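# Chains, contacts and geometry: an overview
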Amino acid sequence: DTGVSQDPRHKITKRGQNVTFRCDPISEHNRLYWYRQTLGQGPEFLTYFQNEAQLEKSRLLSDRFSAERPKGSFSTLEIQRTEQGDSAMYLCASSSQYGYTFGSGTRLTVV
Amino acid sequence: GEDVEQSLFLSVREGDSSVINCTYTDSSSTYLYWYKQEPGAGLQLLTYIFSNMDMKQDQRLTVLLNKKDKHLSLRIADTQTGDSAIYFCAETAGTALIFGKGTTLSVSS
C-alpha cells in the first residue's frame, strides 16, 4: 500500500450524464476526505468520512453529489446530471491523526 | 469564516532562496501545512508546523510561524529548477483543511 489511489485519472462526460469516481485510501487511515480543485484555485473541501460515517458536508456539495464509504475502506463520489461547472479536479485524501495524504486526483471534463 | 491568502507568483533564479508567504485567519488552527503541486498532479505534503512552534527546519525547507500576525512563511534554500511548482498553504478548520489559492514558483536557470 503505497498511498491514496484514485480512479479514473481522467473522465470526459457529456452534460447531463452521471459519473462516479473511486478513492482507495491508505489502509490504516480511518479518515477520508473529498476536495474539488478548479483552475487557479486551491482545493476546496467537499466532505469527510470517519470510517463509514459521513460526518461533515460542505455547502459546495449540492444534492447532485453523493459520497459513500460503505465498509470504511474505499469511497465513491457520484455526480448526477453533470453540468459544465462541475469540470474540475476531484481530490481524495486520507489521514490518521494529522498529515493528510492526497491522491493524484480525477480530472473531470464536462462537455 | 476561515481564509488563507497567498501571493500568486514568485520568480527566482536557480541557487537563490525562495520565500513564500501566507496569512491565515483561524487562530485555533492546530497545524499549518505547506503542500507542493506539480502540473497535473495531486498535492505532496512538504512540511507542517504545530501551532506552538515558531520555526521548523527540514533540510532545504524552513517554516516560520508568527501567531500574533497569523503569518506563515516557507523558505526554500538553494532553489532548483525542480522546485518549480505551485505551493499551497493550508490551515486546519475542524477536520478539514482550508487552502490558499497557491503561489506559482518559477525557477530560471
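A brief look at the structure comes next. All values derive from a computational prediction rather than experimental measurement. Sequence order as written defines residue numbering, which begins from 1 separately in each chain. Naming scheme: in the order in which they are written, chains are lettered from A and ligands are numbered from 1. Where totals are concerned, whole chains, interfaces and linings use all residues; where local detail is concerned, this predicted model gives features only for residues with pLDDT of at least 70, and gives and counts side-chain atom pairs only at 80 or more. Hydrogens and water molecules were not included; the side-chain quantities draw on all heavy atoms of the structure.

This part is about the overall build of chain B. Counting from the N terminus, the helices are DSSP H or I runs at least four residues long and the strands are E runs at least two residues long. Assigned secondary structure in chain B consists of zero helices and eleven strands. Taken from N to C terminus, the helices and strands of chain B fall in the order β-β-β-β-β-β-β-β-β-β-β. Values of the radius of gyration come from C-alpha atoms, whereas the globule rule sets the reference at 2.2 Å times the count of residues to the power 0.38. A globule of 109 residues ought to have a C-alpha radius of gyration of about 13 Å, and chain B, at 13 Å, matches this closely. Referenced to the eigenvectors of the C-alpha coordinate spread, the extents of chain B come out at roughly 40 × 30 × 20 Å. Carbon and sulfur atoms provide 48% of the accessible area of chain B, an area that totals close to 5300 Å². The distance from the centre of the 9 positive side-chain charges to the centre of the 13 negative ones in chain B is 3 Å. The accessible surface values rely on the Shrake-Rupley method and a 1.4 Å probe; as for residues, cover is taken only from the protein chains in view. Only four residue types enter the tally: Lys and Arg on the positive side, Asp and Glu on the negative side; His and the chain ends are excluded. Taken as the charge centre is NZ of Lys, CZ of Arg, CG of Asp or CD of Glu, depending on the residue.

A word on the sheet that holds strand E8 (residues 75-79) of chain A. Residue and element names in this part refer to chain A. Strand pairing requires that DSSP identify at least two bridges connecting the strands. The strand order across the open sheet formed by four strands is E1-E3-E8-E7, and the pairing between neighbours is antiparallel. The open sheet has two edge strands with one neighbour each: strand E1 (5-7) and strand E7 (65-68). The sheet shows a mean angle of 15 degrees between the axes of neighbouring strands, direction not considered. Sheet topology places E7 next to E8; four bridges connect them, and they run antiparallel. Of the residues in E8, the one forming a bridge with Glu68 is Thr76. A fitted line through C-alpha atoms serves as each axis, taken over the contacting stretch for helices, and the angle formed by two N-to-C directions is quoted from 0 to 180°.

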